[in-house]
Amino acid sequence: MTESPEKSESDHIAETREELLNAVLPHVAFDGWSNETLNSAIAEEGIDPGLAHLAFPRGGVDLALAFHYRADRQLEDQLGQADAAAHLATMKIRDRVAYSVRKRIELVAAQREAVRRGATLLGLPIYAGDGIKAIWNTADVIWRLCGDNATDYNWYTKRMILSSVYSATVLYWLGDQSTDSERSWEFLDRRIADVMTFEKTKASLQKNPLVQAAMWGPNQLLSRIKAPSPGT
């Protein structure tokens, strides 16, 4: 009989992180993403406090971030399946993006208050950098699922624009009381339509000789910007 390999410290921390993240969700609606929430979950699950604090060294903010990134991974797993990816590939690019954003929000629809609390916490100046990085990761996941292969500065602009669209849609969704969040999806469609209009305008301007001349210098600089290598 083959013995199972011993778990490493990182394995134990990863398991603890997942266990505590599930345990804290019922508390977040009352105590937010806080150290109090974390300590309540630690006591309930009987988890070693030292291990728990290795999993979430900054307490509540690391809990909120773990919740966000877990949903990103779930989206990647869900839409990365062969049948889902094939379905996505049949859509126009704007429909792929809208579909993916909607699916990402629907993954956390049952934890709306947790999302609300997370948005409030990560909107604080002290954690704004963490919040921006988290939203950027979501935009990156969505663009990769949609087949984006940009390697120049467009890699950045696409993610910047989608980060704005995603953030605005989540904030709208948090206050949406319509049936099945229909108004949120209409809002999302309008935001993406605005982006597509901008892209069309930009494309037409770039064909104008005067604009081409004016933008020669900036374009030379932008052309040197490359997307980060995978894994960086």
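The rules behind the values
- Residues numbered from 1 in each chain as written.
- Predicted model: local features only at pLDDT ≥ 70, side-chain atom pairs only at ≥ 80, totals over all residues.
- Heavy atoms only, no water.
- Axes fitted to C-alpha atoms, helices over the stretch in contact; angles between N-to-C directions.
- Helix = DSSP H or I, 4+ residues; strand = E, 2+ residues; numbered from the N terminus.
- Parallel < 35°, antiparallel > 145°, perpendicular 65-115°, else oblique.
- Left-handed = near helix turned anticlockwise from the far one by under 90°.
- Contact = heavy atoms within 4.5 Å.
- Nonpolar A, V, L, I, M, F, W, Y, C, P; charged D, E, K, R; others polar.
- Expected span 1.5 Å × (residues − 1).
- Buried < 20%, exposed > 50% of the residue type's maximum accessible area, 1.4 Å probe, protein only.
- Phe/Tyr/Trp six-rings, centres within 6.5 Å; stacked < 30°, edge-to-face > 60°.
- Arc of directions from axis to C-beta.
- Patch = residues over 30% accessible without salt bridge, like charges linked within 9 Å, V, L, I, M, F, W, Y side chains within 5 Å.
- Areas by Shrake-Rupley, 256 points an atom, 1.4 Å probe, with all protein chains shown as cover.
- Salt bridge = Lys/Arg side-chain N within 4 Å of Asp/Glu carboxyl O.
- Lys, Arg positive; Asp, Glu negative; His and termini not counted.
- Charge placed at Lys NZ, Arg CZ, Asp CG, Glu CD.

> Sorry if this is basic, but what is going on with the packing of helix 4 (residues 60-79) against helix 7 (residues 112-122) here?
Working note: a packed helix pair is described by the angle between its axes plus the distance between those axes. Interhelical geometry of helix 4 versus helix 7 gives an angle of 125 degrees and a closest axis separation of 10 Å. Between helix 4 and helix 7, the crossing angle belongs to the class labelled oblique. The way helix 4 lies across helix 7 gives a crossing that is left-handed. Touching Gly60, Val61, Ala64, Leu65 and Phe67 of helix 4 are Ala114, Val115, Leu121 and Leu122, all from helix 7. By residue class, the composition of the contact of helix 4 with helix 7 is eight nonpolar, one polar and no charged.

> Just checking my understanding: could you explain helix 9 (residues 154-174) for this structure?
With 21 residues, helix 9 ought to run about 30 Å at 1.5 Å a step, and its terminal C-alpha atoms sit 30 Å apart, in line with that. Residues of helix 9 that are buried: Trp155, Arg159, Leu162, Ser163, Val165, Tyr166, Thr169, Val170, Trp173 and Leu174.

> Help me understand the packing of aromatic side chains, please; the structure alone is not making it clear to me.
Aromatic ring pairs are defined here through the distance separating the ring centres and the angle between the ring planes. The final tally for this structure, using the stated rule, is five aromatic pairs. Between Trp136 and Trp155 the ring centres are 6.1 Å apart and the planes differ by 50 degrees, which places this aromatic pair in the tilted class. Taken together, the residues Trp136 in helix 8 (residues 128-145) and Trp155 in helix 9 connect sequence positions 19 residues apart. Trp136 sits in the partly exposed class, given a relative accessible area of 25%. Centre to centre, the rings of Tyr172 and Phe187 are 4.5 Å apart; their planes meet at 15 degrees, and the pair counts as stacked.

> So what exactly am I meant to see when it comes to helix 6 (residues 93-106) here?
An α-helical segment advances 3.6 residues per turn. Residues three or four places apart therefore align on the same side. The end-to-end C-alpha separation of helix 6 is 20 Å, in line with the 20 Å expected for 14 residues at 1.5 Å each. Within the sequence span of helix 6, burial applies to Val97, Ala98, Ser100, Val101, Arg104 and Ile105. The buried side chains of helix 6 occupy one side of the element, clustering within an arc of 165 degrees when seen end-on.

> I tried to follow the packing of helix 8 against helix 9 on my own but got confused; where do I start?
Look at helix 8 against helix 9: their axes get within 8 Å of each other, and the N-to-C directions meet at 115 degrees. Our classification of the angle between helix 8 and helix 9 gives roughly perpendicular. Where helix 8 crosses over helix 9, the handedness of that crossing is right-handed. Residue-level inspection shows Ile135, Trp136, Thr138, Ala139, Asp140, Ile142, Trp143 and Arg144 of helix 8 in contact with helix 9, the latter providing Trp155, Tyr156, Lys158, Arg159, Met160, Leu162, Ser163, Tyr166 and Ser167. Each residue belonging to the contact of helix 8 with helix 9 can be placed in one class, and the counts come to 10 nonpolar, three polar and four charged.

> Honestly, unusual backbone geometry in this entry has me stumped. Any pointers?
Trans is the common state for peptide bonds, and a negative phi is the common state for residues other than glycine. Phi at Asp180 is positive, roughly 55 degrees, even though this residue is not glycine. Counting through the fold element by element, Asp180 comes out in the loop between helix 9 and helix 10 (182-206). Positive phi outside glycine occurs at Ser181, with the angle close to 55 degrees. Mapped onto the secondary structure, Ser181 falls in the loop between helix 9 and helix 10. Its relative accessible area of 9% is what places Ser181 among the buried residues.

> Just to check I follow, could you spell out a negative patch on the surface for this structure?
Judged by side-chain charge, Asp95, Asp180, Glu182, Glu186 and Asp189 come together as a negatively charged surface patch. For the negative patch, the leading source of residues is helix 10, giving three residues.

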